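# Structural features, examined
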Amino acid sequence: MRDVLDRMARARRPPMHLLSPQQARAAYEAGAGVLEITPPKLARVEDFIIPARDGHALPARLVAPSMGRLPVLLYFHGGGFTIGSIASHDVLCRQLSHLAHCAVLSVGYRLAPEHKFPVAAHDAWDATAWLAGNRTLLGLDGTRMAVGGDSAGGTLAAVCAVLARDAGLPLALQLLFYPGCAAHQDTPSHTTFAQGFVLEEAHITWFFNQYIRSPADRDDWRFAPLNAPDVDGVAPAWVGLAECDPLVDEGVLYADKLRAAGVAVDLEIYRGVTHEFIKMGRAIAPARQAHADAAAALRQAFNP
């Protein structure tokens, strides 16, 4: 991990928070696959669209290791609600599909600042509800479904788990890689890992300034799941955190909140790694371990 950080420092790329959103997206896409593993070959790869509540067409990609009626993970990519895409997280989704032997549907929700809060949350739930009603039409198992995501995508997955509970939609699992859960950047880990650990406080502030309409949005539970008034009865959770990450404390706090409500939680903290580590499998062994652990959780949830 230290070697990766040293190489990132030597590259002397402009800090993301000094770029425009369009420049930041291009820079992220250009570097997204540099440290990724070789993606597995899968039998099924399909691109299509999902209609959002306002008629907007959300891009989506379905990958699966076979053409059978498999269970499905609905996945939301990370990127601070501002950057990231189906393409930037394609290798990760293919790897989870391969290891868990399930279908993975990745959704391109709308990004800030063009689309402010709560558009991303609405898009995520619209995709969840659409998939719940169309699984059999896609040739998937109509009874086994999970939601997941990393970073901001983990936030969206956690939100969808609460909304699914409210809608009476059973989910087998919520798969959360270092999710953003808190309203404010005030936990000790935000101070300890504020600089030099991939995701910096300046980046987080920049992301959130793109996304929120006003400071009041931070206290909305759809921005900060820790503010959800009630998480009783939500889907079981697998939570994978990075030790050297500003978000690690709030991830632990959310796992504790779920456990206090009687929700089954499997919490893994991967030592010595930073935010974004799950996309560094070629260089970071714990990334490959996290892929295996997450896939094992999916297999167990889909086949209890």
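Below is a short write-up of the structure.

Cut-offs applied
Residues numbered from 1 in each chain as written. Predicted model: local features only at pLDDT ≥ 70, side-chain atom pairs only at ≥ 80, totals over all residues. Heavy atoms only, no water. 1 Å grid on protein atoms, 1.4 Å probe; cavity = no way out; pocket = protein on both sides within 12 Å on 5 of 7 lines; lining within 4 Å. Points joined across faces, edges and corners; volume = space filled by probe spheres on them. Nonpolar A, V, L, I, M, F, W, Y, C, P; charged D, E, K, R; others polar. Axes fitted to C-alpha atoms, helices over the stretch in contact; angles between N-to-C directions. Helix = DSSP H or I, 4+ residues; strand = E, 2+ residues; numbered from the N terminus. Parallel < 35°, antiparallel > 145°, perpendicular 65-115°, else oblique. Left-handed = near helix turned anticlockwise from the far one by under 90°. Contact = heavy atoms within 4.5 Å. Pairing = 2+ DSSP bridges. Buried < 20%, exposed > 50% of the residue type's maximum accessible area, 1.4 Å probe, protein only. Disulfide = S-S within 2.5 Å. Phe/Tyr/Trp six-rings, centres within 6.5 Å; stacked < 30°, edge-to-face > 60°. Lys, Arg positive; Asp, Glu negative; His and termini not counted. Salt bridge = Lys/Arg side-chain N within 4 Å of Asp/Glu carboxyl O.

## Topic: empty space enclosed by the protein
Per the stated rule, a full pass over the model turns up 2 cavities of 30 Å³ or more. Considering only enclosed or pocket space, the largest cavity measures out at about 40 Å³ in volume. In terms of lining residues, the largest cavity is bounded by Ala182, Ala183, His184, Gln185, His190, Ile204, Phe208, Arg218, Leu247 and Glu250. Each residue belonging to the lining of the largest cavity can be placed in one class, and the counts come to 5 nonpolar, 3 polar and 2 charged.

## Quick notes on the packing of helix H4 (residues 119-134) against helix H5 (residues 152-167)
Where H4 contacts H5, the two axes come as close as 9 Å, and the packing angle between them is 55°. Considering the angle they form, H4 stands oblique to H5. At the point where H4 passes H5, the crossing takes the right-handed sense. Counting all contacts with H4, which are made through Ala120, Ala121, Ala124, Trp125 and Thr128, the residues of H5 involved are Leu156, Cys160, Leu163, Ala164 and Ala167.

## A word on the pairing of strand E8 (residues 265-274)
Strand direction decides the pairing type here: strand E7 (residues 237-244) and E8, joined by 7 bridges, are parallel. Within E8, the position partnered with Cys244 by the bridge is Thr274.

## A short note on the environment of Ile49
In this structure, Ile49 sits in strand E1 (residues 44-51). When its relative accessible area of 55% is taken as the criterion, Ile49 is described as exposed. Each C-alpha atom of the pair Ile49 and Ala127 lies 9.7 Å from the other, and the pair is 78 residues apart in sequence. In contact with Ile49, other than residues within four places in its own chain, are Ala57 and Leu58.

## So, the environment of His184
Structurally, His184 is set in the loop between strand E6 (173-177) and helix H6 (188-192). Linking His184 and Thr205, residues 21 residues apart in sequence, is a C-alpha distance of 9.8 Å. Residues contacting His184, with those up to four places away along its chain left out, are Arg218 and Asp219.

## Some points on the state of the cysteines
Tallied over the entire structure, the rule returns 0 disulfides. Looking at Cys102, it has no disulfide partner, and the nearest cysteine sulfur is the one in Cys93, 9.8 Å off. Relative accessible area serves as the criterion here: at 0%, Cys102 is assigned to the buried category. Cysteine Cys244 remains unbridged, with the sulfur of Cys181 as its closest cysteine sulfur at 18 Å.

## A look at the pairing of E6
The element E6 is largely enclosed, with a buried count of 5 among its 5 residues. What you see with E6 is no split at all: Leu173, Leu175 and Phe177 on one side and Gln174 and Leu176 on the other are buried throughout. Bridge count between strand E5 (residues 145-150) and E6: 5 bridges; the pairing is parallel. From the neighbouring strand, Ala146 faces E6, where its bridge partner is Leu173.

## A few points about the packing of aromatic side chains
Evaluated as defined, the whole model comprises 11 aromatic pairs. Measuring from centroid to centroid gives 5.3 Å for Phe177 and Trp238, while their planes differ by 75°, and the two rings are edge-to-face. Here Phe177, found in strand E6, pairs with Trp238, found in strand E7; they are 61 residues apart in sequence, far enough to count as distant. Overall, Phe177 belongs to the buried group, its relative accessible area being 1%. A residue is classified by how much of its surface remains accessible, and Trp238, at 1% relative accessible area, is buried. An aromatic cluster is built from Phe81, Phe117, Phe208, Tyr211 and Phe223, whose rings are joined through pairwise contacts.

## Looking at the side chain of Asp150
Tracing the backbone shows Asp150 in strand E5. Although Asp150 is buried, it makes no salt bridge; Lys279 carries the closest opposite charge, 7.3 Å away. Once you skip the residues sitting within four places of it in the chain, Asp150 turns out to touch Tyr75, Phe76, His77, Gly78, His89, Phe177, Tyr178 and Ile278.

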